Amino acid sequence: VGTTLLVTAMALTLGILLGIVVAVIRTAHDQQRTGHKNPILGLFNGICKVYVTVIRGTPMMVQLLIMGFVIFSFSRNYTMVGALTLGINSGAYVSEIIRGGLMSLDPGQSEAGRSLGLGYIDTMRLIVIPQAFKAILPALGNEFIMLLKDTSLITVIGGKEMTYAAKAVIAKTYQGLFPLFGIALMYLLLVMLFSKLLGVLERRLRQSDRR
């Protein structure tokens, strides 16, 4: 369970960092004024679009196999390779979640920040992203839950988490009922726990808005 939670936390952290970078680049590109296109920003936007398209268009299982047996074939730390792969995969989905939140805000928010003398990065960091976070929190929470369950896939490259442990028990006892139902129950309890915590956080944010 500890390894499963560690892999989930690492993958989510990497996914959020990648997602923020990709979302900010793509949002900045889309919000450029007509006739004032930055070619460097256009290049990075193209790279980000390819990244999102490739990751979202290929199965997680295939990505794990490529990372585990091709790109990192020299590594034997399959658990960390799995966490890295999950994080890269999550980044593509998180970027679309964050980009949707940023694009949904009133453009006047950004204009107000710039009228106060803030640059683009400071405007995004201090004004836009904090407001967008409240809107995208439910989707980010759902992504966290999906990551938690997807950790079971890293067992295909030898990652040692709950599913790997269950397979080890089955190999020794030749009984699959209790190990498999056991980890299913553990995943269910973890998902219910984090769903509860997410609900508490959402309620507190709504209360802070009313105040």
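**Observations regarding the overall build of the chain**
The helix and strand inventory of the chain stands at eight helices and zero strands. Reading the chain from its N end, one meets helices and strands in the order α-α-α-α-α-α-α-α. Considering the chain as a whole, with its 211 residues, one finds that 38% of them fall into the buried category. Accessible surface computed for the chain: about 12200 Å², of which carbon and sulfur atoms make up 68%.

**Describing the confidence of the model for the chain**
Of all residues in the chain, 96% attain a pLDDT of 70 or more, and the chain-wide mean is 86. Within the chain, the element-level pLDDT minimum falls on helix 5 (residues 107-115), averaging 71, and the maximum on helix 3 (residues 60-71), averaging 93.

**Side note on helix 4 (residues 78-104)**
Taking 1.5 Å of rise per residue, 27 residues should cover 39 Å, and helix 4 covers 39 Å from first to last C-alpha, within 8% of that figure. Considering bend angle alone, the principal kink of helix 4 is centred on Gly 91 and spans about 25°.

**Some remarks on the environment of Ala 9**
The residue Ala 9 is located in helix 1 (residues 2-30) in this model. You can call Ala 9 partly exposed: its relative accessible area is 36%. On a C-alpha basis, the gap between Ala 9 and Ala 139 in space is 16 Å, while along the polypeptide they are 130 residues apart.

**Focus: the nonpolar core**
The biggest cluster of nonpolar side chains holds 13 residues, and the ones touching the most others in it are Val 7, Leu 64, Leu 86, Leu 147 and Ile 154. Counting only elements with at least two residues in this core, the list comes to helix 1, helix 3, helix 4 and helix 6 (120-150). With 11 residues, the next largest nonpolar core counts Ala 23, Leu 105, Ala 132 and Leu 140 among its residues.

**Here we look at the side chain of Arg 99**
Counting through the fold element by element, Arg 99 comes out in helix 4. Classification of Arg 99 by relative accessible area gives buried; the value is 18%. At 3.3 Å, the side chain of Arg 99 forms a polar contact with the side chain of Asp 30. In this structure Arg 99 touches Ala 23, Arg 26, Thr 27 and Asp 30, once residues within four positions along its chain are discounted.

**With respect to helix 2 (residues 39-57)**
Counted at 1.5 Å a residue, the expected span for helix 2 with its 19 residues is 27 Å, and the 27 Å between its end C-alpha atoms agrees. Listed in full, the buried residues belonging to helix 2 are Leu 41, Asn 45, Cys 48, Tyr 51, Val 52 and Ile 55. The buried residues of helix 2 occupy one face: seen down the axis, they fall within an arc of 120°. Exposed side chains of helix 2 directed beyond 90 degrees from the buried face belong to Pro 39, Leu 43, Val 50, Thr 53 and Gly 57.

Conventions adopted
Residues numbered from 1 in each chain as written. Predicted model: local features only at pLDDT ≥ 70, side-chain atom pairs only at ≥ 80, totals over all residues. Heavy atoms only, no water. Helix = DSSP H or I, 4+ residues; strand = E, 2+ residues; numbered from the N terminus. Buried < 20%, exposed > 50% of the residue type's maximum accessible area, 1.4 Å probe, protein only. Areas by Shrake-Rupley, 256 points an atom, 1.4 Å probe, with all protein chains shown as cover. pLDDT = per-residue confidence, 0-100. Expected span 1.5 Å × (residues − 1). Bend = angle between axes of the 7 residues up to and from the residue. Core = buried A, V, L, I, M, F, W, Y, C linked by side-chain atoms within 4.5 Å. Polar contact = N/O pair within 3.5 Å; in protein donor to acceptor, adjacent residues only side chain to side chain. Contact = heavy atoms within 4.5 Å. Arc of directions from axis to C-beta.

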